[in-house]
Amino acid sequence: MMSSEQNDFITRISAGTPAGTLLRRYWQPVALSDELEGKRPIRPARLLGQDLVVFRDESGRLGVLDRDCPHRGADLAFGRLEDGGLRCPFHGWLFDAQGQCLETPAEPAGSRLCGKIRQRSYPVVEKSGIIFTYLGEGEPPAFPALDCFQAPDSHVFAFKGLMECNWLQALEVGIDPAHASFLHRFFEDDEPESAYGRQFRATSSDSDMPMTRVLREFDAPAIEVDKTDYGLQLIATRPMSDDKTHVRVTNLLFPQAFVIPLSSEMTITQWHVPIDDTSCYWYAIFTSFTTPVNKTHMRNQRLELYTLPDYRPRVGRHNNYGFNVEEQLHKTYTGMGEDINVHDQWAVESLGPIQDRTREHLGQSDKGIIAYRRILVDAITKAVNGETPLMVLTPDEAAAIQGPATMDGVAPSNSIDTYWRQVDANRRNGAFWKKRD
């Protein structure tokens, strides 16, 4: 258990809070590239409790600015893209992607006001279908050489979804290997051809057993958690017989992402990004090591579940998560449909807007969560004290953070470690885009 003060220390992220100070030391997803397509590439965004506007100007340059015009506070998300920048419709003040005021047309001829005005802007970069920004002070850290950033555009797909709860409880479900055997339990298995793009539906490596059956029949994994230079590696093993063991390797990518296998050919890198203290977006990059990603299929799958422009779930608290008694009795453990994102949504939102961790009782299956919270507290303390926390990287340090390894397969019980490392190496060696050491 922890005190309410300790809970606030690791959950609240507005400017000036301890956790907010930490998260502002990292690049944060602020929009999908898809959100800046079309005739008017401007999007409002709220990130870490700050209101922003994200836009792509006429020449293609990205900008992230504070949302309130520095003249009299009008909403720049309704601005006009013209004349090399974003123009406020209230009095025509014009700002470029770096926040420099270019024109104040309502002022008298010869006015020097424009040269004195600058809207606060933030560093911005586009990677693998996600637009990242940096809200902290000083130089932003270098990006690690993750698989999702090394793969070409043809081999990645990005999407996001809204969760109405604190970012930390949303993240922690991804470093909990045991929950999948219950929360995501299906009483029947799908045909293999329907598994593309869907979590826990494909077969594991070196097995013809669907992952749904593995989770259903072997529901008490042994969990090993190891500290790494990027966060944590979690290895969950489920003995299936004397000579075969299911092994699943996942990762916590500090500060707020995890990297997990989707199938034998694809991984998911997923960030949980605070909008404010009581809501967040998950941003995911799906990375293929083999064939190009079928982006149309993946996007259409997800648009069946989320509404635009806010990427709000069609099924959620507002309609009781689609709960159906007959389904819970005969088809799924939750009775909440076949989309595991809905299951996760219920699990983390049902904890309340900010989980009251003074009332929880952790067990052995929560090893990953316990280890992560210790790292998180240490990093927050360093950030508050002006020290360099984990994963605030120099270019040389960033180049050394690769992968990380993920896999899902059935191993010989006497050589689990050798097996999963070889499966991961074989996949990497087969990817034409993977940089070799």
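So, here is what we can say about the structure in this document.

Each value, and the rule that gives it
- Residues numbered from 1 in each chain as written.
- Predicted model: local features only at pLDDT ≥ 70, side-chain atom pairs only at ≥ 80, totals over all residues.
- Heavy atoms only, no water.
- Pairing = 2+ DSSP bridges.
- Helix = DSSP H or I, 4+ residues; strand = E, 2+ residues; numbered from the N terminus.
- 1 Å grid on protein atoms, 1.4 Å probe; cavity = no way out; pocket = protein on both sides within 12 Å on 5 of 7 lines; lining within 4 Å.
- Points joined across faces, edges and corners; volume = space filled by probe spheres on them.
- Axes fitted to C-alpha atoms, helices over the stretch in contact; angles between N-to-C directions.
- Buried < 20%, exposed > 50% of the residue type's maximum accessible area, 1.4 Å probe, protein only.
- Salt bridge = Lys/Arg side-chain N within 4 Å of Asp/Glu carboxyl O.

Details of the sheet that holds strand β5 (residues 80-82)
Each strand in a sheet pairs with another by means of backbone hydrogen bonds, the pair being arranged parallel or else antiparallel.
Thinking step 1. With respect to topology, four strands assemble into an open sheet ordered β5-β6-β7-β8, the strand pairing being antiparallel. Both outer strands of the open sheet, β5 and β8 (101-103), are each paired with one neighbouring strand and no more.
Thinking step 2. In this structure, strand β6 (residues 85-87) lies alongside strand β7 (residues 94-95), joined through two bridges in antiparallel fashion. Paired with Leu-86 across the bridge in β7 is Phe-95.

Observations regarding empty space enclosed by the protein
Thinking step 1. Taken as a whole, this structure holds four cavities of 30 Å³ or more when the rule is applied.
Thinking step 2. What the largest cavity holds in volume is close to 210 Å³.
Thinking step 3. If you go around the largest cavity, you meet 18 residues; those closest to its centre are Trp-27, Pro-144, Phe-254, Pro-255 and Trp-271.

Focus: the sheet that holds strand β2 (residues 42-47)
Thinking step 1. Taken in spatial order, the three strands of this open sheet run β2-β3-β4, and their pairing is antiparallel. Of all the strands in the sheet, just β2 and β4 (62-66) have a single pairing partner and so form its edges. Strand-to-strand twist of the sheet, defined as the mean angle between neighbouring strand axes without regard to direction, takes the value 25°.
Thinking step 2. Of the strand pairs in this sheet, strand β3 (residues 50-56) and β4 are connected by five bridges, and their pairing is antiparallel. Its bridge partner being in β4, Arg-56 is matched across the sheet by Leu-62.

Overview of the pairing of strand β1 (residues 28-32)
Thinking step 1. For β1, a buried count of five out of five residues is recorded, marking the element as mostly surrounded by other parts of the structure.
Thinking step 2. Inspection of the sheet shows β1 paired to strand β10 (residues 130-133) by four bridges, in the antiparallel sense. Its bridge partner being in β10, Leu-32 is matched across the sheet by Ile-130.

Section: the pattern of salt bridges
Thinking step 1. Inspection of the entire model under this criterion finds 31 salt bridges.
Thinking step 2. As a salt-bridge pair, Glu-35 and Arg-43 come within 3.2 Å of each other at their nearest N and O atoms. For the pair shown, Glu-35 and Arg-43 are each scored as buried.
Thinking step 3. Arg-428 is paired through a salt bridge with Asp-424; the nearest N and O atoms lie 2.7 Å apart. Linking Arg-428 with Asp-424, this pair stays in helix α13 (residues 416-430), spanning four residues, or about one helical turn. Pair check on accessibility: Arg-428 and Asp-424 agree, each one buried.
Thinking step 4. Through salt bridges with shared partners, a single network forms among Arg-80, Glu-82, Asp-83, Arg-87 and Glu-103.

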